[in-house]
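# Inside the fold
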Amino acid sequence: MYLPRQLISHLYLQLLRSHHPLSPPVLILVALEPDALCACRILTSLLKRDYIPHKIQPVAGYGDLSRAGEELVRPMQTTNGGSGGVVVCLGVGGLVDLGEILALSNPEDEVEDMGGVEIWVFDARRPWNLGNVFGGLAGMGQPMAEIDANARRRGCGVDKGCITSAYTSKNGGIIVYDDGDIEEELRNEREAYYALLEMPEVDDDDDVSDDGSEDETQTGSKKRKSWSGREDDEDSEGDEPPHQRRRSNSGSSIASTPTRRKKTEINSSNSSRSATPTTDSPSPAEPKQPSARSLKKRLINLKRRHDSVLQSYYSSGTSYSEPISSLIYSLASELGRDDNDLLWLAIVGVSSLELSGRTMTGVGISNTSESGGSAGWGGQRGEHIRQILRDEVHRLNPPDPLESNRDVRGEINGVIPTTARSPTDTAIRLSPEPRFLLVRHWSLYESMLHSPYLAPRLHVWTENGRKRLHKLLAKMGISLTQCHQYYTHMDMELKRVLRSRLLKYAPMYGLDGLVPSEGSGSASAREGWGFVRCWGWKACLSATDVGVIVGAMLEVGPHETLASWDSKRLPRARDDTENSGIIGESDLASLLPRFWSAYDALSLTSESPTILLEALPLAQHLHRAILRTGTSLLSKHQIRHLRAFRIAVVKDGPDVKLFTNPGALTKLALWIAEAIRVQEKERGDSVKIGRKRAAGTPLVLAGLDEDRDLYVVVGTGGGGGVVDFAAMSKRQEERKKKKELKEKKQKERSERRSKRAAERAEREEETGAEDEDSEESESSSESESEDEEDPRGKKHLLRNRFGIAFQEVVQETNARVRIDSFEHCVVEVQKDDLGGFLEALSFRSVVG
């Protein structure tokens, strides 16, 4: 089921009304990522204000999610001695069947019963698991032979999966919070899902040909059992066809078609009426009833057509929609609980997406990163969300009429704020943030050098690139002595003119998006501007700074000294490789300290900036390592170009242990991918796809984890700036075959014409003319159809399909691979199997 955006507070208000002192605590399952952490902070703030007890459980992957289901969720079910309750999934489980992975439902049970457990799902990853979105209603498997299924759901307050205002939480179920995508974009998938759900069982593996050569008696008896619904075939696999699920080695699954158990007799009375006449002597004018064979053929064709709709949705690749921190802030706003603290958490969550490369086309580089400021995530929709946040900043932080206009003028002129306006100032302000890294907490030179935007465009991994950076600073009139000082200690006049000089000289070096465009005093004119918050004289941090620091705390570790971190080793994971070759499960205990440290850093108390400032060295250490490792790979030409993507391996160097974390490895991959794209763009290595011109290729980056004897592999792509050479070559081969076929047809057509010309003397002239006309019309129709097929072949969405490609390679090879991350473009591969795994992967389409 899904909850529409306009009813976002409906379930929370029901929880508030039904809560009592003996109610079980709300269980919150949280992914280990900044956006989910911010969303968790907002939600727990709402629960605390309403005195609703809750429990937070960090979840690192599908293995941890399955264990949480067995140990925490199942005991909540009334069928297992519990009293029901609510489980909230934040950034968890949107892509898989939660009823199965949380062990809430058993496919062999006669009736689906969630045991009073209600699952709320907030997830920005796409595609959705349609079983969660349009199914997930407890009791849907109950016998209802004489009751219309859709009418029954409407009576429960659910209309074809959509929750209405009449819905009440009783038996539990899985409820997905819609950010608007389901209502607007999944109408065809919704119709196909319910058409398949209400369709009688049919075995489409049988050969249904037009000639009717199969024995009529045998097929007739078969068809009556398989599709009329009168008898249950216990041994049939019609419930779950082979293409229904894509199962990973972690035990999670992604449903492709709706499951429908053979427990009902839907349409049995209609089937019997269509097969048996209602009168003893039918009227001669009565139309002939279609045979069972033709009905089955129609049903199979209809089923395949609906299946193709769902398969097309699942095979399009991964993408990201609205951040869940923004969605839960909308819930708080709907409840009238919005304030500056919750707004700041939503801003940090939204700002963190670009840092981890989460775009509308999956994990990868984004073309919109050229537009400057904090732009980069979500295109127009992302900018629309940021504009709403800017409006909220002005609404909740009005200017003080008694305050002098000095600071206001400085904000309008583009001076980056570094201090609070007063000892009690905790307001959020807009700031024309340049695309530097931690500029308030580093020197200007270090901030520019480690910028993921500026470094690839200046080629700072080369000596000439460093000289270009020095020339840029010289043109702006900033000496090396000044720029090596901490930014807060720089000359005030240089800080005042920094933005204007960047706007003047940055375009000379191809850095048009380095700073946001000029803005007037109105909020609507400040597109690309960032957000800054001060905590009195304690600290002044931008939302991007907080996102960088929190991300480093999750990826590097809490309160670790840099010297001791390198000498420590993560605990070796348990090895469960006996049966399926899975490489063992992650040890959540090693990640729990990181989670709680980052969670405390986002607290709403005055201690929050202190924890963030203490973790600054971790963030600086991580990004120095990214620059060092990326420079080494590029300067030593260690990036190879395979058929479908580029590949690089991090297996030596001082920072190799750092990149065993998928988050840190992803940031390194994005840095390298951006550098490669800039190089190809400068060389003009672009390929035209359809009407668009794209530059760059997908990148696969592997990091060696010697402690566990495996490689962590991440595949980045998407962003509209990626060329899938495997898909291109496939399309070229298809076009070549079509061309050869066309030439063959033309040759045959010319032979037929010459033969007809020889016979034309013996035939009437009119007949020959008619043949020629029909032949020309046939030729024109064929050419038109071929012309229509080309544009469809060129249509390329360029989404990240590494998750699908990884699954295909695992199914076809003996590589020992573990797919456990919620990011399906991240896998773990046994060290000895990496070569064969990459070789098989190179023949897959990795963006689509």
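Residues numbered from 1 in each chain as written. Predicted model: local features only at pLDDT ≥ 70, side-chain atom pairs only at ≥ 80, totals over all residues. Heavy atoms only, no water.

Under an unreviewed UniProt entry, the name given to the protein chain is CDC45-like protein, and the organism recorded is Penicillium hordei. The heading Sequence similarities (unreviewed entry) in the UniProt record of the protein chain holds the text "Belongs to the CDC45 family." (UniProt positions renumbered as here; feature names shortened; annotations may be inferred.)

Now for the sheet that holds strand E19 (residues 646-650). The strand order across the open sheet built from 6 strands is E18-E19-E22-E23-E25-E24, with neighbouring strands paired in mixed fashion. The sheet is open, and its two edges are formed by strand E18 (640-641) and strand E24 (817-818), each paired on a single side. Of the strand pairs in this sheet, E19 and strand E22 (residues 699-705) are connected by 5 bridges, and their pairing is parallel. Looking at the pairing, Ile 647 lines up with Val 700 of E22. Its contacts with the sheet put helix H29 (residues 802-812) on E22, strand E23 (710-716), E24 and strand E25 (826-830), and the angle it makes with E23 is roughly 135°. (Pairing = 2+ DSSP bridges. Helix = DSSP H or I, 4+ residues; strand = E, 2+ residues; numbered from the N terminus. Contact = heavy atoms within 4.5 Å. Axes fitted to C-alpha atoms, helices over the stretch in contact; angles between N-to-C directions.)

Our focus in this paragraph is the packing of aromatic side chains. With the rule as written, the count across this model stands at 16 aromatic pairs. Their ring planes at 25° and their centres at 4.1 Å tell us that Phe 122 and Tyr 177 sit as a pair that is stacked. Taken together, the residues Phe 122 in strand E5 (residues 117-122) and Tyr 177 in strand E9 (residues 173-177) connect sequence positions 55 residues apart. Neither residue differs from the other here; Phe 122 and Tyr 177 are each classed as buried. For the ring pair Trp 461 and Trp 671, a centre distance of 6.0 Å and an interplane angle of 70° mean the geometry is edge-to-face. (Phe/Tyr/Trp six-rings, centres within 6.5 Å; stacked < 30°, edge-to-face > 60°. Buried < 20%, exposed > 50% of the residue type's maximum accessible area, 1.4 Å probe, protein only.)

Within the fold, Arg 74 resides in the loop between helix H3 (62-73) and strand E4 (85-90). Judged by relative accessible area, which is 29%, Arg 74 ranks as partly exposed. Spatially, the C-alpha atoms of Arg 74 and Ala 103 are 6.8 Å apart, while their sequence positions differ by 29 residues. Arg 74 has contacts with Gly 69, Asn 80, Leu 102 and Ala 103, leaving out every residue within four places of it along the chain.

For the structure on display, the rule yields 36 salt bridges. The salt bridge partner of Glu 354 is Arg 435, with a shortest N-O separation of 2.5 Å. Taken as a pair, Glu 354 in helix H13 (residues 340-355) and Arg 435 in the loop between strand E15 (428-431) and helix H16 (444-449) lie far apart in primary sequence, 81 residues in all. You can call Glu 354 partly exposed: its relative accessible area is 26%. The shortest N-O distance in the salt bridge between Glu 383 and Arg 390 comes to 2.8 Å. For the pair formed by Glu 383 and Arg 390, the shared burial category is buried. Here the residues in one salt-bridge network are Glu 33, Asp 123, Arg 125, Arg 358 and Glu 823, joined through shared partners. (Salt bridge = Lys/Arg side-chain N within 4 Å of Asp/Glu carboxyl O.)

For the rest of this paragraph, the subject is the packing of helix H21 (residues 543-555) against helix H23 (residues 592-601). Orientation of H21 relative to H23, taken along the N-to-C sense of each, is 160°, at an axis distance of 8 Å. Here H21 is positioned roughly antiparallel relative to H23, judged by the angle of their axes. Crossing of H21 against H23: the hand is right-handed. Residues Val 550, Met 553, Leu 554 and Glu 555 of H21 lie in contact with H23, whose contacting residues are Arg 594, Phe 595, Ser 597, Ala 598 and Ala 601. In terms of residue class, the contact of H21 with H23 is made up of 6 nonpolar, 1 polar and 2 charged. (Parallel < 35°, antiparallel > 145°, perpendicular 65-115°, else oblique. Left-handed = near helix turned anticlockwise from the far one by under 90°. Nonpolar A, V, L, I, M, F, W, Y, C, P; charged D, E, K, R; others polar.)

Attention shifts here to the pairing of strand E2 (residues 26-31). Across the 6 residues of E2, 6 count as buried, placing the element largely inside the fold. Sheet analysis places E2 next to strand E3 (residues 54-59), joined by 6 bridges and oriented parallel. If you follow Ile 28 over to E3, its bridge partner there is Ile 56. With helix H2 (residues 34-49) bridging E2 and the parallel E3, this β-α-β connection has right-handed handedness. As paired elements, E2 and E4 share 4 bridges and run parallel to each other. Note on E4: the bridge partner recorded for Leu 29 is Cys 89. (Right-handed = clockwise from strand over helix to strand, strands pointing away.)

Turning our eyes to something else, we now look at the pairing of strand E16 (residues 530-534). When a strand is regular, its side chains alternate between the sheet's two faces. E16 sits mainly inside the fold: 5 of its 5 residues count as buried. By the alternation rule, side chains of E16 split into Gly 530, Val 532 and Cys 534 and Phe 531 and Arg 533, which are all buried. Taken together, the 4 bridges between E15 and E16 define a ladder with antiparallel strand orientation. Counted as the bridge partner of Ser 431 is Gly 530 from E16. The turn linking E16 back onto strand E17 (residues 540-542) is made up of 5 residues, and Gly 536 within it adopts a positive phi angle of 60°.

Phi is mostly negative for residues that are not glycine, and the peptide bonds are mostly trans. For the peptide bond that leads from Arg 126 to Pro 127, omega is 15°, which places it in the cis range. Within the secondary structure, Pro 127 is located in the loop between strand E6 (125-126) and helix H5 (130-134). Phi at Lys 160 takes a positive value of approximately 50°, unusual for a residue other than glycine.

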